[in-house]
Amino acid sequence: MIAEQPIPIYTSLVDVFGAVEVSFRHATRWNNLAEEFERRFGRRPTYIARAPGRVNLIGEHVDYALFGVLPAAVEPDILIACAPRPVLRGQRKQAIEHTPGSVVAENLDDKYTRQVFAPAVKEPTEANRQSGAAEFWHLDINTRELRWESYVKAGYYGVLNQHFAGEKREEPVPVDLLVSGTVPAGSGLSSSAAMVVASTLAFLVVNGKLDSSANILSKGDLVRMAMENEKRVGVNSGGMDQAASVMCDPSSALYITFHPSLHAETVPLPGRAVFVIANSLVVADKALSAKRGYNLRVVETLVGARILAKSLGVKVDANERITFREVAGKFIGERDNEDIGPDNLENALVEMEYKLEVLKPNKIVNGQLGVTMDEMIKMSGLSKGAFEELYLSWVDIEATHFQLYKRAKHVFSEARRVLQFRRTCLESAVSSDPDDNFYIESLGRLMNDSQESCSKSFECSCPELDELTRLAREAGAYGSRLTGAGWGGCTVSLVPEFGVNRFINKIKNTYRPYRYLDIDALKEAIFATKPGNGACGESIF
Ligand code: NG1
Ligand code: MG
């Protein structure tokens with residue numbers, strides 16, 4: 001079980017990347033970071049934490065319906081070099097740098113300015129103390145603005161409250177840290193999860209919470225911590241991003257399931273498959289578009305699940321926000337806390353596709369498949385008050401019509417494509433003919449179908465993403481689709497290994513927004529990546 005494996009702490013770069021992969025480029029970047037740390041803070045770092053970004057190969061907008069997803073770690077990553085700061089004896093605690101657990105955080109990229117902060121001790125209330133739920137430490141995190149240090153603080157927050165909240169009131173050490181990141185921010189490659197994972201890991205180890213065999217942290221533990229920690233920045237993420245950053249393996253994707261609990265399994269990818277990531281350069285403003293985008297989709301899919309359950313005679317408690325995955329399980333007799341497994345699930349999805357018709361409105365007006373708020377409430381069988389409490393009270397959305405049928409059609413077909421993609425990869429791994437193009441072509445087709453469904457049914461694409469995926473297919477990709485939430489950000493294309501450079505050049509010449517980029521910006525906008533290693537740390541002696 002991957003989730004139960006310990007987080008690897010290495011003592012050499014060869015172990016971090018594997019002997020074959022440790023390139024001059026990697027070694028140079030790690031050494032430069034250590035040297036720059038020494039130049040800025042006057043001593044060597046004791047530890048470097050690494051966490052990669054991720055690309056979702058298939059399975060978009062299905063994690064919050066609790067269906068499985070298939071991401072892979074990418075090579076771009078976040079490195080955090082750190083060391084405890086010595087506290088001089090007799091020093092008066094005037095400057096913030098001398099308070100317990102204070103942090104001086106710097107970033108190699110000078111657009112992210114130096115930050116100094118310290119956690120404050122919170123006196124727990126008696127009720128909290130008794131229930132054991134007390135949070136002893138508080139860190140101010142600005143959730144209204146996007147700030148780089150918020151992700152560093154988010155990781156630290158969880159470490160403070162999990163490891164320094166006991167009765168003996170141990171104090172966290174003051175820390176200096178230096179960040180180097182190559183995951184482009186805001187492009188759907190989850191630089192946020194990489195930062196939170198690396199930060200969580202760095203603060204654990206610099207505080208001696210991971211320094212012996214008695215202090216082993218499992219990959220699953222780190223995922224759960226990072227998921228909770230990232231919520232501190234104000235994002236209710238599904239868990240895919242942190243799991244991928246922590247648990248991925250080279251040459252494989254990760255099949256992550258969330259029902260009945262978090263579980264991950266590696267899925268080998270065909271050796272000749274290269275994934276090229278291309279940024280549409282449209283920046284998806286998640287906060288602004290949430291009302292009509294992400295959050296609206298969450299509501300549409302949750303309400304759709306309740307109506308479907310009702311029509312199938314699946315029992316749902318009055319205050320339960322049942323998901324499509326749970327409805328599918330109950331439909332074929334899955335018990336609580338059971339997982340019927342990929343094959344049974346695939347059969348259930350096929351069988352259920354026809355049942356989704358109940359989500360269509362009685363009257364289709366102007367070809368529109370949407371229902372109004374009143375119609376939707378009526379279909380749910382709930383009173384207006386109960387409906388609003390359950391589905392609208394915790395989220396801000398803006399819509400006159402709700403596309404329950406189209407969204408469900410995407411979720412069910414996408415969940416099935418994930419299972420087909422997984423099965424195709426497993427079959428390819430045991431195939432006797434490694435040169436057979438059948439498997440890689442099948443994977444490409446599934447990716448194209450996913451894009452079509454994201455664009456037409458889930459409506460989370462945009463003209464630039466549609467254009468870029470079309471150009472990718474014309475340039476020789478087996479398949480191409482948006483990755484991440486959509487409405488902007490990156491695409492991922494499956495490209496034959498021997499044609500990667502030609503492919504990239506073609507896109508550079510045909511996707512208009514790339515014409516205005518200089519060489520460095522282009523390198524960040526479009527690049528090939530093979531699945532990489534998940535998070536780890538290196539101790540420097
Ligand atoms: P991105 O846009 O890559 O952050 C978001 C969600 C995922 C998932 C995808 C859509 C967050 C932090 N992540 O990913 O959980 O729902 O959209 O598949 O919100
Ligand atoms: Mg993110």
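Residues numbered from 1 in each chain as written. Chains lettered and ligands numbered in written order. Predicted model: local features only at pLDDT ≥ 70, side-chain atom pairs only at ≥ 80, totals over all residues.

Looking up the protein in an unreviewed UniProt entry gives the name Galactokinase, with the organism given as Psilocybe cubensis.

Further remarks concern the confidence of the model for the protein. For the protein, per-residue confidence averages 88 on the pLDDT scale, and 90% of positions sit at 70 or higher. On the interface metric, ipTM, the complex scores 0.96, and its pTM is 0.89. (pLDDT = per-residue confidence, 0-100.)

This brings us to the nonpolar core. Judged by nonpolar contacts, the single largest core of 147 residues is most densely connected at Ile-80, Leu-177, Val-197, Ala-198, Leu-201, Ala-202 and Leu-254. In terms of residue count, helix α5 (residues 191-206) provides more of this core than any other element does, 12 residues in total. Apart from the residues within four sequence positions on either side, Ile-80 is in contact with Ile-48, Ala-49, Leu-177, Val-179, Ala-198, Ser-199 and Ala-202. (Core = buried A, V, L, I, M, F, W, Y, C linked by C-beta atoms within 7 Å. Buried ≥ 20, exposed ≤ 12 C-beta atoms within 10 Å, placed from the backbone. Helix = DSSP H or I, 4+ residues; strand = E, 2+ residues; numbered from the N terminus. Contact = placed C-beta atoms within 7 Å.)

Take helix α16 (residues 463-474) next. If you check α16, its first and last C-alpha atoms are 17 Å apart, about what 12 residues at 1.5 Å a residue would give, namely 16 Å. Among the residues of α16, Leu-465, Leu-468, Thr-469, Leu-471 and Ala-472 are the ones counted as buried. Take α16 and look down its axis: the buried residues cluster within an arc of 160 degrees, on one side only. Turned more than 90 degrees away from the buried face of α16, the exposed residues are Pro-463 and Glu-474. Elements in contact with the buried residues of α16: β11 (273-279), α15 (438-456), β14 (479-482), β15 (490-496) and α17 (500-510). Two residues or fewer past α16, Gly-476 is found with a positive phi of approximately 110 degrees. (Expected span 1.5 Å × (residues − 1). Arc of directions from axis to C-beta.)

Read across the open sheet, the 4 strands follow the order β14-β15-β11-β16; overall the sheet is antiparallel. Each of the sheet's edge strands pairs with one partner strand only, and the pair in question is β14 and β16 (526-529). In this sheet, adjacent strand axes meet at a mean angle of 20 degrees when their direction is disregarded. Examined bridge by bridge, β11 and β15 share 7 bridges and lie antiparallel to one another. Residue pairing in the sheet places Ala-278 in a bridge with Thr-491 of β15. (Pairing = 2+ DSSP bridges. Axes fitted to C-alpha atoms, helices over the stretch in contact; angles between N-to-C directions.)

This brings us to the pairing of strand β8 (residues 175-181). Here β8 lies mainly inside the structure; 7 of its 7 residues are buried. In the sheet, strand β3 (residues 70-84) pairs with β8 via 7 bridges, with the strands oriented antiparallel. Looking at the pairing, Leu-79 lines up with Ser-180 of β8. By the bridge criterion, 5 bridges tie strand β4 (residues 103-107) to β8 in an arrangement that is parallel. For Glu-106, the partnering residue across the bridge sits in β8 and is Leu-178.

It is worth spelling out the packing of α5 against helix α6 (residues 219-231) at this point. The geometry of α5 relative to α6 is characterised by a closest axis approach of 9 Å and an angle of 115 degrees between their N-to-C directions. Note on packing geometry: the crossing formed by α5 with α6 is right-handed. In contact with Ser-192, Ala-193, Val-196, Val-197, Thr-200 and Leu-201 of α5, α6 contributes Leu-222, Met-225, Ala-226, Asn-229 and Glu-230. The residue makeup of the contact of α5 with α6, split by class, is 7 nonpolar, 3 polar and 1 charged. (Left-handed = near helix turned anticlockwise from the far one by under 90°. Nonpolar A, V, L, I, M, F, W, Y, C, P; charged D, E, K, R; others polar.)

Once that is clear, we can look at the sheet that holds strand β5 (residues 115-117). In a beta sheet, neighbouring strands pair by backbone hydrogen bonds and run either parallel or antiparallel. Taken in spatial order, the 7 strands of this open sheet run β1-β17-β2-β3-β8-β4-β5, and their pairing is mixed. Strand pairing shows two members of the sheet lacking a second neighbour, β1 (9-10) and β5, which therefore form its edges. Sitting on the sheet, helix α4 (residues 148-163) touches β4 and β5, and the angle it makes with β4 is about 135 degrees.

Here the focus is the packing of α4 against α6. It is at 8 Å that the axes of α4 and α6 come closest, and there the two elements cross at 115 degrees. By crossing handedness, the relation of α4 to α6 is classed as right-handed. Across the interface between the two elements, Ala-154, Gly-155, Tyr-157, Gly-158 and Gln-162 from α4 touch Met-225, Glu-228, Asn-229 and Glu-230 from α6. Class assignment for the residues of the contact of α4 with α6 results in 3 nonpolar, 4 polar and 2 charged.

Buried residues of helix α12 (residues 373-380): Met-376, Ile-377, Met-379 and Ser-380, and no others. Seen end-on, α12 carries its buried residues on one side only, within an arc spanning 160 degrees. Those residues of α12 that are buried are in contact with α9 (294-312), β12 (371-372), α13 (384-392), β13 (401-402) and α14 (404-429). One or two positions beyond α12, positive phi appears at Gly-381, with a value near 80 degrees.

So, on to unusual backbone geometry. Cis geometry marks the peptide bond from His-259 to Pro-260; its omega dihedral reads 0 degrees. Checked against the element boundaries, Pro-260 lands in the loop between β9 (252-257) and β10 (263-268). For His-61, which is not glycine, the phi torsion reads 55 degrees and is therefore positive. Note that His-61 resides in the loop between β2 (47-58) and β3. Residue classification places His-61 among the buried residues on the basis of 25 C-beta atoms within 10 Å. The backbone of Leu-281 sits at a positive phi, close to 70 degrees, despite the residue not being glycine. With respect to the helices, strands and loops of the structure, Leu-281 is situated in the loop between β11 and α8 (286-289). The class of Leu-281 is partly exposed, set by 19 C-beta atoms lying within 10 Å.

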